[in-house]
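Coordinates in review
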2 protein chains.
Amino acid sequence: MNRDICERIAIYCDRNRLFADGDGVVAGLSGGADSVFLLWFLAKQQERWGLRIQAVHVNHGIRGEEALRDQEYAALFAERNGIPCRVERADIPSLAKEWRMTEEEAGRIFRYQCFERVREELGFDKIAVAHHRDDQAETVLFQLLRGSGLRGLGGMRPKRGRIVRPLLETGRREIEEALEREGISYCTDTTNEQGQYARNIIRNQVMPLLKEKIQPMAAEHIAGAGTHLQEIMDYIDCQRDQVYTEIVRRDRGRLVIDAGMFEEVPAVIGREVILKMMQELSGGCKDITAVHVESVESVFRGQTGKKVMLPYGMAAEKSYEYLLLYQKGTGIRQKEGRYSQPQTIQLGSAYKVPWRGRGCCDIVFYKKTVENLLELNLKKHCTKCFDYAKMDSMPVLRYPEEGDFLWLDRAGRAKKLSRLFIDEKVSRGERKDMVVLAEGHHVIWIPVLGRCSAYYYVTGDTRAIIQADLGKIRFCLS
Amino acid sequence: MNRDICERIAIYCDRNRLFADGDGVVAGLSGGADSVFLLWFLAKQQERWGLRIQAVHVNHGIRGEEALRDQEYAALFAERNGIPCRVERADIPSLAKEWRMTEEEAGRIFRYQCFERVREELGFDKIAVAHHRDDQAETVLFQLLRGSGLRGLGGMRPKRGRIVRPLLETGRREIEEALEREGISYCTDTTNEQGQYARNIIRNQVMPLLKEKIQPMAAEHIAGAGTHLQEIMDYIDCQRDQVYTEIVRRDRGRLVIDAGMFEEVPAVIGREVILKMMQELSGGCKDITAVHVESVESVFRGQTGKKVMLPYGMAAEKSYEYLLLYQKGTGIRQKEGRYSQPQTIQLGSAYKVPWRGRGCCDIVFYKKTVENLLELNLKKHCTKCFDYAKMDSMPVLRYPEEGDFLWLDRAGRAKKLSRLFIDEKVSRGERKDMVVLAEGHHVIWIPVLGRCSAYYYVTGDTRAIIQADLGKIRFCLS
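Residues numbered from 1 in each chain as written. Chains lettered and ligands numbered in written order. Predicted model: local features only at pLDDT ≥ 70, side-chain atom pairs only at ≥ 80, totals over all residues. Heavy atoms only, no water.

**Thoughts on the overall build of chain A**
Along its length, chain A carries 16 helices and 22 strands. Taking 478 residues into account, the globule formula puts the C-alpha radius of gyration at 23 Å, and chain A, at 26 Å, falls close to it. With the C-alpha coordinates aligned to their principal axes, the bounding extent of chain A is approximately 70 × 60 × 45 Å. The buried share of chain A, taken over its 478 residues, is 53%. Contacts in chain A between residues far apart in sequence, at least 24 positions, make up 68% of those at least 6 positions apart. Of the roughly 22,300 Å² that chain A leaves accessible, carbon and sulfur atoms contribute 48%. Charge-centre separation for chain A: the mean point of 73 positive side chains lies 6 Å from the mean point of 68 negative side chains. (Helix = DSSP H or I, 4+ residues; strand = E, 2+ residues; numbered from the N terminus. Rg over C-alpha atoms; globule rule 2.2 N^0.38 Å. Buried < 20%, exposed > 50% of the residue type's maximum accessible area, 1.4 Å probe, protein only. Contact = heavy atoms within 4.5 Å. Areas by Shrake-Rupley, 256 points an atom, 1.4 Å probe, with all protein chains shown as cover. Lys, Arg positive; Asp, Glu negative; His and termini not counted. Charge placed at Lys NZ, Arg CZ, Asp CG, Glu CD.)

Written out as structure tokens, the structure is:
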């Protein structure tokens, strides 16, 4: 039976080209059933692909005795299977505080950072993680609930960059049964069972309810729908890219389509093309909504002369022969560090912000999705991140206004900006140069003071962020 | 505000072309919030499309006093809005028994039959039902759990044949709030809140859990994903049909593709083409699974000479230049009413079954999905239906064997076939001609005796059936 399950997983790996001959693989090893099984599987199949394997265990410094037990077991288990194991230690509670995240989220990010560091050190090729079909079902369901669009609904990929997931079509139960047959023990993380995070509620309350009362195969079915959807959406992407290349061209910063050509494009693909145009122009706003796409579509398919203003400073227009999408005032940027009126930030553009008499600082804003959180170095002083989902519109850079406020903590304790300036001893003269990033009267960030509103903090639930990168402070003509 | 919601729904109707000018519309009117709102909306917008409207209320004969109250309120409400109302009465408990279904399912079928009858009588064009966004979310979630494939995952359509659903993008809460603002009361069906059916569990347990603990907008997001998926899958269907017409041809009952042409087809579309070929050849087995499609694909993309046997008597083969899908022994059918060995039924083929010395009966088997249940006349003596989901393979026609049994009731009380024959006074001589439909030793149906195993009864959860149509009993050479 274990030969069966191993063979099935190996076929899955081959079908998805997870491993190439001679690959070096870093395998995450928590000591729990899934990662123990994964390492056992990799060790068994080492020759099949001529793999070099390195296990990495991360002790999160949270669960004390229990964590130590896991660490020792992980090291022992790797050794028994002839695989070298590296143990990494962290102080996740502190990191979580520093990064302003839940411990769960900080732990996840730190773990992947460790894997990546070890991989790079060893010059290895892949990082193997133990997500299985039940994890996948939870992911798909979670994405469905949060309305992430059909692409997100596909769930995790068997392969994403260097990360591979050999167990993605294997059920939790199968894994545990295989371990039992093999007489392999594993650690159980007692904190897994608790928690009010959406993912834990799905795992511990929703999925059991669905399986017991509605459909025992719920997890298989949900994960299966995800896989099928991945394929379908890859095909749609492919069709869209082909059409995009054929009909969209760039002309002086504007995106232009010949109106007659657009008419020939099927509606579904047309909307995908519009979405891609908006993403390209807005610097990667991945979650421009269907409403925006529809309004551009209505312009493109409407009467000539029709025009619509869009978020992120974009506009769409139909002339007789052409369909246009462009940034309002393309190329006109805030160069002088003076803000005569609120400046809606454009992603990817640099803004000069006066720096308390010491010159100017160039600030560039980006939008990133949560997958990229891994790559963020949240400790860097020159980077600030804000939860994009909390924003109803693109924020503006401007001078302080009457009524401005920010949150001091996540409980919603607010403070007037004028009061904060007094406390921070900002002189009246300085205040007029004190550029803030704001949404309405809610001040998101005061760059010079390094203060952020707690309302926009990045948390475990954050899926997309606006990131501000600060350049060197330089003398400038302000 | 009510102008807003009405306008929004009217735009939805126009966008989906639910009504044409001068349409006659039958509107289901239970007296509950949703149908009351729908009728109110239609009455308000009557002039917009020049509609003729007929309300139809169905009294299920279940809830006694409460049902009478609903009936009276429905009639009154329609009158107040200047809409004629027809009241239909049924004895659903008896019908449910007769049709071997839950009362819920029988009620649903009877209701639609009433609507359709009235529509036909009046020569009207449409039947409007009050499904709203929360119903849609429940449907999508239900389909996701039962693994119905991406097409089923799209949920209900705004328009399907003559049935239109104007409220499909409107939330339950909005509807209730609009009624409140308008001062319109409605009836509450107290049985709605109960029940162990999957749909009720989703409505009363799963959705509230999701909304309260994970995402307040869960229903909107789920329904939205469904709508988007409908569009995407329509596009995929369109692409598939185009490719199908181009590359698949029929040759002496076999489906043939030029191997070189198939290579050019993208994998996703190729699999859809294979699925459609299998459906066409098997007579509409809509739920041929991905496994079958994959095995045909591996043949079509494999070495020449490769061949695979498939369910429903099909086979796939690759020759040098051609890819073939065909029924094994196409055209060879059981003509003599003798069954020298078990005969796996082929859908759409006629089988002669000896009829207790009185001649033979032609029986044809079909597979139908649940949507078609409406069209079934379950009362007809010449039609038998069995729950397809209960079958692990296509059943066979054969003579009785040692060990045969059937279920007497749905609780699983079984009876040996030999014992049944004794009780039914079937002589030993007759037994050898007593053809049965069976799966393994489980006897699904004894045509001559009209006995079915309760295990295969059609219930409210049935999504697909095998239907047996009995012809006239004729003298035949058996």
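**Observations regarding the relation of the copies chain A and chain B**
What relates the two chain copies is a rotation about an axis together with a slide along it. Under the fitted operation, chain A is carried onto chain B by 0.0 Å of movement along the axis and a turn of 180°, and the coordinates agree to an RMSD of 0.3 Å. What the rotation and shift describe, once combined, is the action of a two-fold rotation axis. Minimal C-alpha separation from the rotation axis in chain A is found for A:Val206, amounting to 3.5 Å. Taken together, the interface assignments show that 100% of the residues at the interface of chain A recur at the interface of chain B, consistent with an identical surface on both copies. (Least-squares fit on C-alpha atoms with pLDDT ≥ 70 in both.)

**Quick look at the sheet that holds strand 10 (residues 314–318) of chain B**
Residue and element names in this part refer to chain B. Spatially, the 5 strands line up as an open sheet ordered 7-8-11-10-9, and their pairing is antiparallel. For this open sheet the edge positions go to strand 7 (248–251) and strand 9 (307–309), each flanked by a neighbour on one side alone. Direction aside, neighbouring strands of the sheet carry axes that sit 20° apart on average. One ladder, built from 5 bridges, connects strand 10 with strand 11 (residues 322–327); its direction is antiparallel. Its bridge partner lying in strand 11, Met 314 is registered against Gln 327. Sitting on the sheet, helix 11 (residues 218–247) touches strand 7 and strand 8 (254–258), and the angle it makes with strand 7 is about 45°. Contacts from helix 14 (residues 290–300) reach strand 8, strand 9, strand 10 and strand 11 within the one sheet, and its direction differs from that of strand 10 by about 25°. (Pairing = 2+ DSSP bridges. Axes fitted to C-alpha atoms, helices over the stretch in contact; angles between N-to-C directions.)

**Brief notes about the pairing of strand 20 (residues 442–446) of chain A**
Residue and element names in this part refer to chain A. With 5 of 5 residues buried, strand 20 is to be regarded as a mostly interior element. The pairing of strand 19 (residues 436–439) with strand 20 spans 3 bridges and is classified as antiparallel. Directly across from Leu 437, in strand 20, lies its bridge partner Trp 445. Between strand 19 and strand 20, which pair antiparallel one after the other, the connecting turn spans 2 residues, and Gly 440 there sits at a positive phi close to 60°. One ladder, built from 2 bridges, connects strand 20 with strand 21 (residues 451–452); its direction is antiparallel. Paired with Trp 445 across the bridge in strand 21 is Cys 452. Taking the residues between adjacent antiparallel strands as the criterion, strand 20 and strand 21 are bridged by 4 residues, where Gly 450 takes a positive phi near 70°.

**Observations regarding the packing of aromatic side chains**
In this structure the tally under the stated criterion is 22 aromatic pairs over all chains. Seen from their ring centres, B:Phe37 and B:Trp40 are 5.7 Å apart, and the 40° between their planes marks the pair as tilted. In this pair, B:Phe37 and B:Trp40 are both assigned in helix 2 (residues 33–44), 3 residues apart and thus about one turn of the helix distant. The two residues B:Phe37 and B:Trp40 agree in class, both being buried. With 4.9 Å between their ring centres and 90° between their planes, B:Tyr455 and B:Tyr456 make a pair best called edge-to-face. Taking relative accessible area as the criterion, B:Tyr455 reaches 25% and is therefore assigned partly exposed. Note on B:Tyr456: relative accessible area 2%, which makes it buried. Grouped by ring-pair contacts, the aromatic residues A:Tyr351, A:Phe365, A:Phe386 and A:Trp445 constitute a single cluster. Lying across the ring of A:Tyr244, A:Lys276 places its NZ or CZ 5.0 Å from the centre. The cationic tip of A:Lys390 hangs over the ring face of A:Tyr455; the distance from NZ or CZ to the ring centre is 4.9 Å. (Phe/Tyr/Trp six-rings, centres within 6.5 Å; stacked < 30°, edge-to-face > 60°. Lys NZ or Arg CZ within 6 Å of the ring centre and 35° of its normal.)

**Topic: the interface of chain A and chain B**
Each side of the interface is counted separately: chain A has 35 residues, and chain B has 35 residues. Of the roughly 3,200 Å² buried between chain A and chain B, counting both surfaces, carbon and sulfur atoms make up 76%. Together, A:Leu145, A:Ile214 and A:Tyr235 form the three largest contributors to the area buried by chain A at its contact with chain B, with a combined 21%. On inspection of chain A and its partner chain B, the count reaches 2 salt bridges. For A:Arg271, the salt bridge goes to B:Glu231, with nearest N and O atoms at 2.9 Å. (Buried area = accessible area lost by both parts, 1.4 Å probe. Salt bridge = Lys/Arg side-chain N within 4 Å of Asp/Glu carboxyl O.)

**Quick notes on the sheet that holds strand 8 (residues 254–258) of chain A**
Residues and elements named next belong to chain A. If you trace the 5 strands from one edge of the open sheet to the other, you get 7-8-11-10-9, paired in antiparallel fashion. Two strands close off the open sheet at either side, each with one partner strand: strand 7 (248–251) and strand 9 (307–310). Put simply, the sheet's adjacent strands are angled 20° from each other on average, direction ignored. One ladder, built from 4 bridges, connects strand 8 with strand 11 (residues 322–327); its direction is antiparallel. Directly across from Leu 255, in strand 11, lies its bridge partner Leu 325. Here helix 11 (residues 218–247) sits on the sheet in contact with strand 7 and strand 8, set at roughly 45° to strand 7.

**Looking at the domain arrangement of chain A**
Once the domains are mapped, chain A shows domain 1 (2–228), domain 2 (252–327) and domain 3 (343–474). Each of domain 1 of chain A and domain 3 of chain A has a C-alpha centre, and the two are 36 Å apart. (Domains from an automatic or database assignment.)

**Considering the side chain of A:His292**
Residues and elements named next belong to chain A. Residue placement: His 292 occurs in helix 14 (residues 290–300). Assessed through its relative accessible area of 19%, His 292 is described here as buried. Once residues lying within four places of it in the same chain are set aside, the contact partners of His 292 are Met 278, Leu 310 and Pro 311.

**Some words on the state of the cysteines**
Tallied over the entire structure, the rule returns 0 disulfides over all chains. The cysteine A:Cys13 is free of any disulfide, with A:Cys6 supplying the nearest cysteine sulfur at 10 Å. Residue classification places A:Cys13 among the buried residues on the basis of a relative accessible area of 1%. The thiol of B:Cys238 is unpaired, and the distance to the nearest cysteine sulfur, on A:Cys238, comes to 17 Å. (Disulfide = S-S within 2.5 Å.)

**Considerations on the nonpolar core**
Formed by 182 residues in total, the largest nonpolar core has its most connected members in A:Phe300, A:Phe365, A:Trp445, B:Phe300, B:Phe365 and B:Trp445. Non-local contacts of A:Trp445, meaning those with residues more than four positions away in its chain, are made with A:Ile363, A:Phe365, A:Lys384, A:Phe386, A:Val436, A:Leu437, A:Gly450, A:Arg451, A:Cys452, A:Ala468 and A:Leu470. (Core = buried A, V, L, I, M, F, W, Y, C linked by side-chain atoms within 4.5 Å.)

**Quick notes on unusual backbone geometry**
Among all residues save glycine, negative phi is the norm, and among peptide bonds the norm is trans. Phi is positive for A:Lys425, which is not a glycine, with a value near 60°. Within the secondary structure, A:Lys425 sits in the loop between helix 15 (417–423) and helix 16 (428–431). One non-glycine residue, B:Arg17, adopts positive backbone phi at about 50°. Here B:Arg17 shows up in the loop between helix 1 (2–15) and strand 1 (24–28). B:Arg17 sits in the exposed class, given a relative accessible area of 64%.

**Side note on the packing of helix 13 (residues 267–282) of chain A against helix 11 of chain B**
Remark: helix 13 of chain A packs on helix 11 of chain B, axes separated minimally by 9 Å, with the N-to-C direction vectors making an angle of 120°. Relative to helix 11 of chain B, helix 13 of chain A is oriented oblique. Judged by residue contacts, A:Val268, A:Ile269, A:Arg271 and A:Glu272 of helix 13 of chain A engage B:His228, B:Glu231, B:Ile232 and B:Tyr235 from helix 11 of chain B. For the contact of helix 13 of chain A with helix 11 of chain B, the residue count by class is 4 nonpolar, 1 polar and 3 charged. (Parallel < 35°, antiparallel > 145°, perpendicular 65-115°, else oblique. Nonpolar A, V, L, I, M, F, W, Y, C, P; charged D, E, K, R; others polar.)

**Section: the packing of helix 1 (residues 2–15) of chain A against helix 9 (residues 172–182) of chain A**
Residues and elements named next belong to chain A. Where helix 1 meets helix 9, the closest approach of the two axes is 10 Å, and the angle between their N-to-C directions is 135°. Between helix 1 and helix 9, the angle falls in the class oblique. Here helix 1 runs over helix 9; the crossing is left-handed. Residues Asn 2, Ile 5 and Arg 8 of helix 1 form the contact with helix 9, whose participating residues are Glu 174, Ala 178, Arg 181 and Glu 182. Among the residues making up the contact of helix 1 with helix 9, the classes are represented as 2 nonpolar, 1 polar and 4 charged. (Left-handed = near helix turned anticlockwise from the far one by under 90°.)

**Some thoughts on the side chain of B:Asp404**
Residues and elements named next belong to chain B. Tracing the sequence through the fold places Asp 404 in the loop between strand 16 (396–398) and strand 17 (405–407). A residue is classified by how much of its surface remains accessible, and Asp 404, at 2% relative accessible area, is buried. At a separation of 2.8 Å, a polar atom in the side chain of Asp 404 contacts the main-chain amide nitrogen of Glu 401. Only 2.8 Å separates the side chain of Asp 404 from the side chain of His 441, close enough to count as a polar contact. For Asp 404, the residues in contact, after removing those within four places along its chain, are Arg 398, Lys 415, Lys 416, Leu 417, His 441 and Val 443. (Polar contact = N/O pair within 3.5 Å; in protein donor to acceptor, adjacent residues only side chain to side chain.)

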